[in-house]
Structure formats: structure tokens, C-alpha cells
Amino acid sequence: MSYKLNPVRDYNTYAMEYIGTSKNSILVFEGADGNGVKIDSVPLFYDDYYPDFFANIVDENAKIDSRYKPVAKFNDWLKIFDDTKLTQKYEGEVFIIYTYQRWCIIQIINQVKRSKIYESFSRYITKCGE
């Protein structure tokens, strides 16, 4: 399936989400690629005062500043881990991770709405527990 990027909205206008805390300045991204599961560690600039990392979660319409460079790409799903735990989980067609110093942008092409994922999972667990 192909997708067309149509940048019309600045990345700063999208919501930011917490993606983890790391004293090692590295978050681990796990997802699918054409050959199965892929794991990438993404280094981010660490600041002793702010060990928490956030990312703008943008869609295919985001206009991303040229200072941000793509560092990883995944398909179908994406999980983010910090030093101790899974911090975020997303589903969509394509994920492109951009970084600049301590800042991160996660571009999700054709994102599956997370509320639907959690509702489906919740219904499945309830049904299994009956």
C-alpha cells in the first residue's frame, strides 16, 4: 500500500506525549519491518534536570523542521521502552522516528486510533474471562 505525504501542518501544533525516562539517554524502539521484528536504540541528549523524554506524535500531514533527522523506520506497530518498562504502544502503517538533540518526533502514517485498540483488547479480555 502506498501513501502520500502532504505536509500542511507544523509539527509543533501536534500533541506531545511522554515516551520514557532514561538516565542512559537511550530509548529502545521495537517494531516490524519487511523482515520481521526490528529493534533500534535511539540516543537522545540527556539533561540531569530533565530525564523525561517527550515526542510530538504527528501524522502524514506534518511539516517537520529540517533540523530533525530520520533515525529509524518501522511498519505496522511500534513499542517504546525506557530504562525499566514499556512506555508507549502504537499501531499504524508506517512509523518514522526523527530526532534533534533531546527532542523527538514520531510520524505515524495511517494511525490506528488507540482508543479502538484498547477497547477491542478490553472486550477480548472480558470475553476470555467469562
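For every chain, the first residue of its written sequence is number 1, and the numbers climb from 1 along that sequence. In keeping with the predicted nature of the model, local features appear solely for residues at pLDDT of at least 70, side-chain atom pairs appear and are counted solely at 80 or more, and the whole-chain, interface and lining totals rest on all residues. Heavy atoms throughout the structure, all of them, feed into the side-chain values; hydrogens and water do not.

Draft legend 1. Quick peek at the environment of Pro70. Note that Pro70 resides in strand β7 (residues 69-81). The class for Pro70 is exposed, based on a relative accessible area of 55%. Expressed as a C-alpha distance, the spacing of Pro70 and Ile96, which sit 26 residues apart in the sequence, is 6.6 Å. Note on contacts: a residue pair is in contact if any heavy atoms of the two residues lie within 4.5 Å. Contact partners of Pro70, with chain neighbours within four places excluded, come to Ile96, Ile97 and Tyr98. Here a helix means four or more residues in a row that DSSP labels H or I, a strand means two or more in a row labelled E, and each is numbered from the N terminus. Burial classes: relative accessible area under 20% of the type maximum marks a residue as buried, over 50% as exposed, and values in between as partly exposed (1.4 Å probe, protein chains only).

Draft legend 2. Examining the pairing of strand β9 (residues 103-109) more closely. The buried fraction of β9 amounts to six of the seven residues, a majority that puts the element mostly inside the structure. Note that strand β5 (residues 52-58) and β9 share four bridges and pair parallel. For Ile57, the partnering residue across the bridge sits in β9 and is Ile106. At least two DSSP bridges between two strands are needed for those strands to be called paired.

Draft legend 3. Summary view of a nonpolar patch on the surface. Exposure above 30% relative accessible area and the absence of a salt bridge qualify a residue for a patch, where like charges join within 9 Å and nonpolar side chains (Val, Leu, Ile, Met, Phe, Trp, Tyr) within 5 Å. Accessible surface is estimated by sampling points in the Shrake-Rupley manner with a 1.4 Å probe; for residues, cover comes only from the protein chains shown. When a carboxyl oxygen of Asp or Glu is within 4 Å of a side-chain nitrogen of Lys or Arg, the pair counts as a salt bridge. Taken together, Met16, Phe54 and Trp103 make up a surface patch of nonpolar side chains, about 290 Å² in accessible area. Structurally, the position occupied by Met16 is in strand β2 (residues 16-21). Using a relative accessible area of 42% as the deciding quantity, one classes Met16 as partly exposed.

Draft legend 4. Local environment of the pairing of strand β3 (residues 26-33). Bridge count for β3 against strand β4 (residues 36-43) is eight bridges, and the pairing is antiparallel. Bridge assignment links Gly31 to a residue of β4, and that residue is Lys38. Connecting β3 to the next strand, β4, in antiparallel fashion are two residues.

Draft legend 5. Spatial organisation of the sheet that holds β3. Strand order in the open sheet formed by seven strands is β2-β5-β9-β8-β7-β3-β4, and the pairing between neighbours is mixed. In this open sheet, the two strands that pair with only one neighbour each are β2 and β4. With strand direction ignored, the average angle separating the axes of adjacent strands in the sheet is 35°. Inter-axis angles, ranging from 0 to 180 degrees, are taken between N-to-C directions of lines fitted to C-alpha atoms, where helices are fitted over the stretch in contact.

Draft legend 6. Inspection of the nonpolar core at higher detail. Counting residues in each nonpolar core, the largest one holds 18 residues, and the members touching the most others are Ile19, Phe29, Leu78, Ile80, Ile97 and Ile106. Taken together, the elements giving at least two residues each to this core come down to β3, β5, β7, β8 (86-100) and β9. The dominant element in this core, judged by the number of residues it contributes, is β7, at four residues. In this view, Ile19 contacts Leu27, Phe53, Phe54, Ala55, Ile80, Thr87, Gln88, Cys104 and Ile106; residues no more than four positions away in its chain are not counted. Take the buried Ala, Val, Leu, Ile, Met, Phe, Trp, Tyr and Cys residues and link them wherever side-chain atoms come within 4.5 Å; each set so joined is a nonpolar core. Of all hydrophobic cores here, the second largest spans 10 residues; its members include Tyr14, Tyr68, Ile96 and Ile109.

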